[in-house]
Amino acid sequence: MSSAKKGQGSLAVLVLAAGQGTRMESTIPKVLHHLGGRPMLFYILRIANALKPGAIGVVVGHESASVKAETLEMAKSVGITRPIHFIVQKKPLGSGNAVVESLPFLKKFKTAAVMCGDTPLLTYESIYNLLLTHDQLKGQATLLTARLQNPKGYGRIVRGALGEVQRVVEESVASPKEAAISEVNSGAYVFELEALIAGLKEIGAKGPKKEHFLTDVMEAIRAKGGRIHAYATANAEEVQGINNRSQLSVAERVLNKRMLERLMISGVTIRDPQTTQVDADVEIGQDTVIYPGTILRGRTKIGRLCRLGPFTHIEDANIGNECEVRHSYVVGARLLEKTSVGPFAHIRPDSILGPRARVGNFTEVKNSRVGFGSKVNHLSYIGDADIAEDVNIGAGTITCNYDGKAKHKTTIGAKAFIGSNVSLIAPVKIGKGAKVAAGSTVTEDVPDEALAIARARQVNKT
Ligand code: UD1
Ligand code: CA
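Residues numbered from 1 in each chain as written. Chains lettered and ligands numbered in written order. Predicted model: local features only at pLDDT ≥ 70, side-chain atom pairs only at ≥ 80, totals over all residues. Heavy atoms only, no water.

Visitor: Would you mind going over the overall build of the chain with me for this structure?
Guide: Along the chain, the regular secondary structure elements total nine helices and 43 strands. At 30 Å, the chain has a C-alpha radius of gyration far larger than the 23 Å of a compact globule built from 462 residues. If one aligns the C-alpha atoms of the chain with their principal axes, the spans along those axes are about 105 × 45 × 40 Å. Within the chain, the fraction of its 462 residues that count as buried is 51%. (Helix = DSSP H or I, 4+ residues; strand = E, 2+ residues; numbered from the N terminus. Rg over C-alpha atoms; globule rule 2.2 N^0.38 Å. Buried < 20%, exposed > 50% of the residue type's maximum accessible area, 1.4 Å probe, protein only.)

Structural data, given as structure tokens:
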């Protein structure tokens with residue numbers, strides 16, 4: 001195919017994202033609403049980039065500054081290598097007007113693929129097939145369509161007696177007969193620039209909001225002798241646009257299902273896909289088993305042979321091989337090989353646990369290291385601490401890291417033993433092999449191998 005394969009320089013991709021998204025009832029621009037842990041716009045940009053076009057244009061308008069900033073941020077983090085041009089649509093006068101405003105950008109190219117920023121379920125495969133169809137049939141415009149059981153809300157594809165595409169009619173101006181058509185416009189198209197420019201000159205404001213419909217350009221192109229073709233995808237689910245939060249939740253479910261399928265095919269066991277949520281960027285190694293009620297978010301990486309859940313939330317964390325996390329919350333932390341967390345633990349950012357560490361029952365760890373084989377098994381708070389290897393921390397131990405103004409560090413040497421219910425008033429150092437008696441409040445450093453007892457002596461009175 002000339003446009004997508006060889007002639008990358010001659011293809012531009014234009015993403016329409018200037019709409020306010022009124023139906024979202026939100027102060028956040030629609031395309032920045034999240035799905036699978038990423039702004040909606042991400043999914044279209046990823047496809048746009050994979051097509052290897054000469055350039056990518058994004059039409060912004062409503063809240064253009066934040067959409068621009070997030071787009072650039074996204075582009076960087078997912079390695080969008082193609083240049084991104086922003087086109088600012090001054091007024092929300094419709095998708096046709098958005099493309100008119102983009103013509104100075106598009107004019108440098110021969111062919112343009114146009115997609116909507118609110119259709120994140122589209123697949124690369126279908127867009128590629130759309131380009132391929134456009135190229136093979138050599139028409140002036142080609143649309144991606146699908147047949148929906150419930151076509152409500154979409155532009156309908158009007159075909160002639162021979163099945164040829166004649167025009168697209170928007171629901172707001174469709175006759176009852178047209179509204180009964182089940183084939184809909186996905187909002188993704190490929191145009192020959194020359195025909196698009198000529199066609200756009202012919203379209204006027206329509207519908208209740210007096211908008212310029214991009215879809216009206218089809219009829220205009222045909223009137224000038226051009227041909228319109230369609231590539232109809234059999235996968236109807238992917239053309240779903242997101243105009244409100246109900247559709248957002250449907251799309252979230254579809255994306256999640258796709259992600260889980262991919263993981264299961266690659267060797268991850270998911271005991272209950274219905275109650276498991278995994279964001280788009282999460283990576284999971286082979287033979288890891290995920291139990292029900294588990295949510296894996298953000299930039300999380302999970303190793304091989306782990307056991308996660310039930311009821312566990314892991315976010316932006318790095319979990320090594322053969323780790324276990326049950327009924328727990330782990331955010332921004334690292335677990336090294338064979339470490340076990342939970343049930344009921346909260347591991348907070350900048351914590352490194354393991355290898356072979358155990359942090360359990362009702363324990364919170366923040367900005368701390370728990371070294372090789374060390375155990376913090378019950379009811380503890382470990383904050384700003386460095387715990388070396390083979391340390392045992394007794395139940396109810398608290399690192400008192402905050403004096404009301406600043407945070408202070410607790411350092412615990414290898415093989416130290418901290419008895420139950422100990423308060424370590426930081427800054428403080430417990431030496432290697434040292435022991436701290438249960439119930440102690442430690443305010444001074446404890447030398448290596450020493451036994452610290454810092455509690456009132458028991459008196460029995462009768
Ligand atoms: C649009 C199509 C419809 C199609 C559906 C698929 C038109 C007229 N209709 O309808 O045929 O079935 O998508 O989901 O295009 N936008 C701008 N500037 C504007 C208005 C819209 O950039 O002034 C952008 C929006 O951000 C959005 C896209 O264009 O990404 C489509 O606009 P939207 O209002 O969502 O159109 P739909 O009613 O969904
Ligand atoms: Ca839409």
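Visitor: Help me understand the sheet that holds strand β25 (residues 334-335) in this model?
Guide: Backbone-to-backbone hydrogen bonds join strands into a sheet, with any given pair of strands oriented parallel or antiparallel. The strand order across the open sheet built from nine strands is β16-β19-β22-β25-β28-β31-β34-β37-β40, with neighbouring strands paired in parallel fashion. What marks the edges here is a single partner per strand, and that holds for β16 (283-284) and β40 (428-430). In this structure, strand β31 (residues 369-370) lies alongside strand β34 (residues 385-387), joined through two bridges in parallel fashion. What sits directly across from R369, in β34, is D386. (Pairing = 2+ DSSP bridges.)

Visitor: What is the right way to look at the packing of aromatic side chains in this model?
Guide: Two numbers describe a pair of aromatic rings. These are the distance of the centres and the angle of the planes. Overall, the coordinates contain five aromatic pairs when judged by the stated rule. Arranged with centres 4.8 Å apart and planes meeting at 80°, the rings of F42 and Y43 form a pair that is edge-to-face. Under the relative-accessibility criterion, Y43 is labelled buried at 4%. Their ring planes at 5° and their centres at 5.1 Å tell us that F344 and F362 sit as a pair that is stacked. Taken together, the residues F344 in the loop between β26 (340-341) and β27 (345-347) and F362 in the loop between β29 (358-359) and β30 (363-366) connect sequence positions 18 residues apart. Since its relative accessible area comes to 40%, F344 is described here as partly exposed. Its guanidinium or amino end placed over the ring of F42, R38 lies 4.7 Å from that ring's centre, counting from NZ or CZ. Lying across the ring of Y291, R307 places its NZ or CZ 4.5 Å from the centre. (Phe/Tyr/Trp six-rings, centres within 6.5 Å; stacked < 30°, edge-to-face > 60°. Lys NZ or Arg CZ within 6 Å of the ring centre and 35° of its normal.)

Visitor: Honestly, the environment of I44 in this entry has me stumped. Any pointers?
Guide: Positionally, I44 belongs in helix α2 (residues 41-50). Accessibility expressed as a relative area gives 0% for I44, which makes it buried. Residues I44 and P427, spaced 383 residues apart in sequence, show a C-alpha to C-alpha distance of 51 Å.

Visitor: Looking at this structure, I do not really get the environment of T300. What am I missing?
Guide: If you trace the backbone, T300 turns up in the loop between β18 (294-297) and β19 (301-302). With relative accessibility at 0%, the residue T300 sits in the buried group. Between the C-alpha atoms of T300 and L263, which are 37 residues apart in sequence, the distance is 14 Å. Beyond its immediate sequence surroundings of up to four residues, T300 is in contact with D281, V282, E283, I314, E315, D316 and A317. (Contact = heavy atoms within 4.5 Å.)

Visitor: For this particular structure, what's the right way to read the sheet that holds strand β32 (residues 375-376)?
Guide: Pairing within the open sheet is parallel, and its 11 strands lie in the order β14-β17-β20-β23-β26-β29-β32-β35-β38-β41-β43. Lying at the two open borders of the sheet, with one neighbouring strand each, are β14 (269-270) and β43 (451-452). The pairing of β29 with β32 spans two bridges and is classified as parallel. Residue pairing across strands places R358 opposite K375, the latter belonging to β32.

Visitor: What exactly am I supposed to notice about the site of ligand 1 here?
Guide: Surveying the vicinity of ligand 1 reveals 24 residues, the closest of which are L16, Q89, S95, E170 and N185. Separating an oxygen atom of ligand 1 from a backbone N or O atom of G94 is a distance of 2.8 Å. Side-chain polar atom of E170 to an oxygen atom of ligand 1: 2.7 Å apart, as the coordinates give it. Taken together, the residues of the shell around ligand 1 break down into nine nonpolar, 11 polar and four charged. (Near = heavy atom within 4 Å. Polar contact = N/O pair within 3.5 Å; in protein donor to acceptor, adjacent residues only side chain to side chain. Nonpolar A, V, L, I, M, F, W, Y, C, P; charged D, E, K, R; others polar.)

Visitor: Honestly, unusual backbone geometry in this entry has me stumped. Any pointers?
Guide: Excluding glycine, residues mostly have negative phi values, and the peptide bonds linking residues are mostly trans. The linkage connecting G309 with the following residue, P310, adopts the cis geometry, with an omega of 0°. Along the chain, the position of P310 falls in the loop between β20 (307-308) and β21 (312-315). A positive phi angle, close to 65°, is found at F344, a residue other than glycine.

Visitor: In this structure, what is going on with the coordination of the calcium ion (ligand 2)? I would like to understand it.
Guide: Note on metal sites: the ideal angle is 109.5 degrees for four tetrahedral donors, and 90 or 180 degrees for six octahedral donors. Here the calcium ion (ligand 2) is held by D118 (OD) and N243 (OD1), and the distances to it run 2.2 to 2.5 Å. Here D118, found in the loop between β6 (111-116) and α5 (124-137), pairs with N243, found in the loop between β13 (228-232) and α9 (245-265); they are 125 residues apart in sequence, far enough to count as distant. Overall, the relative accessible area of 14% leaves D118 in the buried class. Using a relative accessible area of 14% as the deciding quantity, one classes N243 as buried. (Donors = N, O, S within 2.8 Å, 3.2 Å for Na, K, Ca; no water.)

Visitor: Looking at this model, I keep getting lost on the side chain of R156. Mind explaining?
Guide: Inspection of the secondary structure assignment puts R156 in strand β8 (residues 156-159). Only 2.7 Å separates the side chain of R156 from the backbone oxygen of Y154, close enough to count as a polar contact.

Visitor: Help me understand the domain arrangement of the chain, please; the structure alone is not making it clear to me.
Guide: Put simply, an interface is often sized by how much accessible area is lost when its parts join up. Structurally, the chain comprises domain 1 (3-239) and domain 2 (245-452). Here the C-alpha centre of domain 2 lies 45 Å away from the C-alpha centre of domain 1. Taken together, the contacts link 16 residues of domain 1 with 12 residues of domain 2. Of the roughly 1300 Å² buried at the junction of domain 1 and domain 2 (both faces included), carbon and sulfur atoms supply 52%. By the criterion of area lost to domain 2, the three top residues of domain 1 are L35, G36 and L121, representing 37% of everything that side buries. In this structure, the salt-bridge partner of D281 is R38, at a minimum N-O distance of 2.6 Å. Run the count over domain 1 and domain 2 and you get seven residue pairs in polar contact (both at pLDDT 80 or more). Class assignment of the residues belonging to the side of domain 1 that touches domain 2 gives a composition of five nonpolar, seven polar and four charged. (Domains from an automatic or database assignment. Buried area = accessible area lost by both parts, 1.4 Å probe. Salt bridge = Lys/Arg side-chain N within 4 Å of Asp/Glu carboxyl O.)

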